[in-house]
Structure formats: structure tokens, C-alpha cells
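A look at the structure
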Amino acid sequence: MAKKEVAILDFGSQKITAMVGSRDVNNSLFIKCSYSENYEGFLDGAFIEPKKLESTIQSCVNNIRKMSGYKIKKIVVGVPTEFCFCTCKTIRKIFQKTKKINKIDVKSLLNEIKVDIKDHTIINKGDIYFILGENNKVRNPIGCSDSKLSACISFVLADNSFIAKVSNILFKCGIDNPIFTCSTFAQSLYLFDEEERYKYTLLVDCGYITTSVSLCKGNGLLNLSSFSLGGGHIIADLSRCLKIPFDCAESLLKKIVLSIEPDDNDTYDVLIDGKVVPISMKVANAIVESRIEVIAQGIQKSFNLWQYNFPDFIPTYLTGGGISFIKGGKDLLSKILGKNVEIVNMPYSQFNKTNYSSCVAVLNYAIDYKN
């Protein structure tokens, strides 16, 4: 494989996606090939159909091998938030005298922090901020002079059962020692530049059956949570309440417009069993709005349970395929949360829609990864 080309495997709540890509000449991502396969996903930190997981992963790996023409031996795996949690630790070092801080001092400080949590493994580590002296908070202390250096460091840990299960399957595919990263951590680094991250970034990734919520500052995550609700539940509500097939409900959701107030006679036309069937706009919109309200309650609950607070004025950025594609969805979410909600801007690549933000972010992380 070419030096800068890497392979990734990302676990969404509806699809597993494998990609091979590299950094382009203008520093954007070039995705050489991509392959996705539907699976049953996960719920409450466990795979719904673990027995079928192996064949799905093998299919993804084998297909990108064929498409790319490479014998993939190394891969970076994006771990869903439902299998992760984060914690922050602060450490302080006092030097014998005032000195100019260098890379070795910073690395030594960071390596002194120990996090030992049973049944979980550290997969990501990032600095939130540094403090020189008593209260001089800085982004990067290297080159500054002081006799005291403190650091607040974020650690993201993944469930060992997830790591073992996926590692064993990949080993059967001829891939040893995969690298794991939390997909939400990768998103925070990919979707927001350094200036934005140091002001705090609040990200909601509403997917098919899972929504993750995270607060990033600096190069790490302060808060991380998830709950099992997403766009698939909206489709299921439409199917059940309107008594229409699931695939027809999925087509209906693409037509929904929440930003207008429909009249009693307004309808959406949906093709069911080869016939065009009118569906009341008022009824369909009410069903969608009701589920988005429940999802918003889950997001607000995450905010309320977090250990670290954040400024009220920062926007909530929305990504994923669950709500962001619903016309008027983000505005309704904003109204319910009482916060400014914005669809996150995807950096340029061939896959620049929000439903690809996780797998593309993991690819970006893999390219920049250093042992």
C-alpha cells in the first residue's frame, strides 16, 4: 500500500463502512474506495446480532481489498460512542527552577497520568489545556518559561469486549493489531478547526438508531454520552402509526417538511403497492415532530448529566443521517432545546454529506495517526 494510503472500518448504527484513502495535494481527503453493508447495529452497548457480525466485517474488508487492489494488513477501527466513555485527569509538575518548556517536558508530564479502569482500554488521549504557574492557561506551553506546568488531559476508553470481538474477526481476515479510535473523538478533530475547539464545540450525531452527544475543548473530549434513539425510530413511528410498510415510511420521511404549517387538505403522495396513496401532512408531520421531541429530551438529559458545563451561547452542531436531512428538523430541534442548532459543515471530500461524517472522520484520523 502506498505510504499515505490507509484503511478504516467504521461502525455506524445501520451500516459498517470500510474505506481506503489518502491526503490529497490540497490537504483534502481522497477516498480511493468505499464499501458499506447494512447490519442490525447495536443497542445499549451490545450488538443486536453478534453472530452475523463476522460475515459483515469480512464482506467489508474483502470488498475494499478487491476495489483497492491492496493486501490490507493494517486498519483503523472507529468505535461507536455506545462502547466508549471519557474521563479527564489533571496533573502538575514543578521544576527545580524556571525553565523553557520543551516537547520532552510535555511528553513526560502526559505520560505520568495513569488511568486504570477495569474492562476498558484507553484508545484516545488529548490535551484540554495547559497551565503555566498558578493560573496562566495556554493552548501550547512549548517555548514558554515557568517553574510549574499543569495539564488537563482527556482519555477516551473503549469496552474491552468490543475490542476483543472486532480484533478476533479482523485477525481471521489477516489483519493483526488494529488501531482503535472513538468515532466521535475523530469527528471533533475533523469537523472543527483548532480555533473552534478551544472555544468549546458541542456535537450531536443523530444516526439511524443511536444518537451521540459530545463536548470538545482543545484536543480532547470533556463529555461524551449516547442513547439508543435515531432516524430509524422516526421511520418506525410513521410505519406503525400510518399502517404503511417500513420502506414506504422511509420514502415518506424524505418528503416531510416541518418548516411549513399544512392545511387540513394538504397531503404527501406515497407509492404503496404500486398505487399513489395520499398521506395527511398534518398527521405525518405530527408523528415526526413527536419523535424529534423525544430525541431532544435525550440530548437535554445528556447535557444535564454531564460533569463539565459549557457556555450557553455556543451552538449545537448537528450531524449524522437521523435528523439533519429532514427539512425543518434542525429548526424544530433548536426550538425544543432552546439553543442555536446548526448543521455541521463537512470538509471537502467525495463523501461530504453529514451521514458520512463518522467514517470520513475516522479516515482523517487514520491518515494523521502516529504511533
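Residues numbered from 1 in each chain as written. Predicted model: local features only at pLDDT ≥ 70, side-chain atom pairs only at ≥ 80, totals over all residues. Heavy atoms only, no water.

**Let's talk about the sheet that holds strand 18 (residues 341-343)**
Strand order across the open sheet formed by 5 strands is 14-13-12-17-18, with mixed pairing between neighbours. The open sheet has two edge strands with one neighbour each: strand 14 (220-227) and strand 18. On average, each strand axis in the sheet is inclined to that of its neighbour by 25°, with strand direction left out of account. Two elements, strand 12 (residues 201-206) and strand 17 (residues 316-319), share 4 bridges in a ladder whose sense is parallel. What sits directly across from L202, in strand 17, is T316. Packing against the sheet, helix 9 (residues 329-337) makes contact with strand 17 and strand 18, and its axis sits at approximately 155° to strand 18. (Pairing = 2+ DSSP bridges. Helix = DSSP H or I, 4+ residues; strand = E, 2+ residues; numbered from the N terminus. Axes fitted to C-alpha atoms, helices over the stretch in contact; angles between N-to-C directions. Contact = heavy atoms within 4.5 Å.)

**Looking at the sheet that holds strand 7 (residues 84-100)**
On the basis of which strands lie adjacent, the open sheet formed by 4 strands has the order 7-10-8-9 and antiparallel pairing. The strands lining the two open edges of the sheet, one partner per strand, are strand 7 and strand 9 (136-138). For this sheet the average axis-to-axis angle between neighbouring strands, irrespective of direction, equals 30°. Judged from the 3 bridges that link them, strand 8 (residues 120-132) and strand 9 form a sheet pairing that is antiparallel. Residue pairing for strand 9: F130 is matched across the bridge by V138. Of the strands in this sheet, strand 8 and strand 10 (145-159) are in contact with helix 3 (residues 160-172), which crosses strand 10 at around 65°.

**Remarks on helix 4 (residues 183-191)**
Burial analysis of helix 4 places 8 of its 9 residues in the buried class, which makes it a mostly covered element. Those residues of helix 4 not exposed but buried are S183, T184, F185, A186, Q187, S188, Y190 and L191. (Buried < 20%, exposed > 50% of the residue type's maximum accessible area, 1.4 Å probe, protein only.)

**Digging into the pattern of salt bridges**
Counting across every chain of the model gives 12 salt bridges. We note a salt bridge from K172 to E54, for which the minimum N-O separation is 3.4 Å. Of the two residues, K172 is situated in helix 3 and E54 in helix 1 (residues 50-68); the sequence distance between them amounts to 118 residues. Residue K172 is classed as exposed on the basis of its relative accessible area, which comes to 56%. (Salt bridge = Lys/Arg side-chain N within 4 Å of Asp/Glu carboxyl O.)

**Side note on the pairing of strand 13 (residues 211-217)**
In terms of burial, strand 13 is a largely internal element, 7 of the 7 residues being buried. Side chains T211, V213, L215 and K217 of strand 13 all project onto a buried face; the interleaved residues S212, S214 and C216 project onto the opposite face, where all are buried too. Taken together, the 6 bridges between strand 12 and strand 13 define a ladder with antiparallel strand orientation. Across the sheet, the residue bridging to V204 is V213, located in strand 13. Taking the residues between adjacent antiparallel strands as the criterion, strand 12 and strand 13 are bridged by 4 residues. Examined bridge by bridge, strand 13 and strand 14 share 7 bridges and lie antiparallel to one another. Counterpart to S214 in the pairing with strand 14 is L224. The antiparallel pairing of strand 13 with strand 14 creates a hairpin that spans 2 residues between the two strands, and G218 there sits at a positive phi of about 65°.

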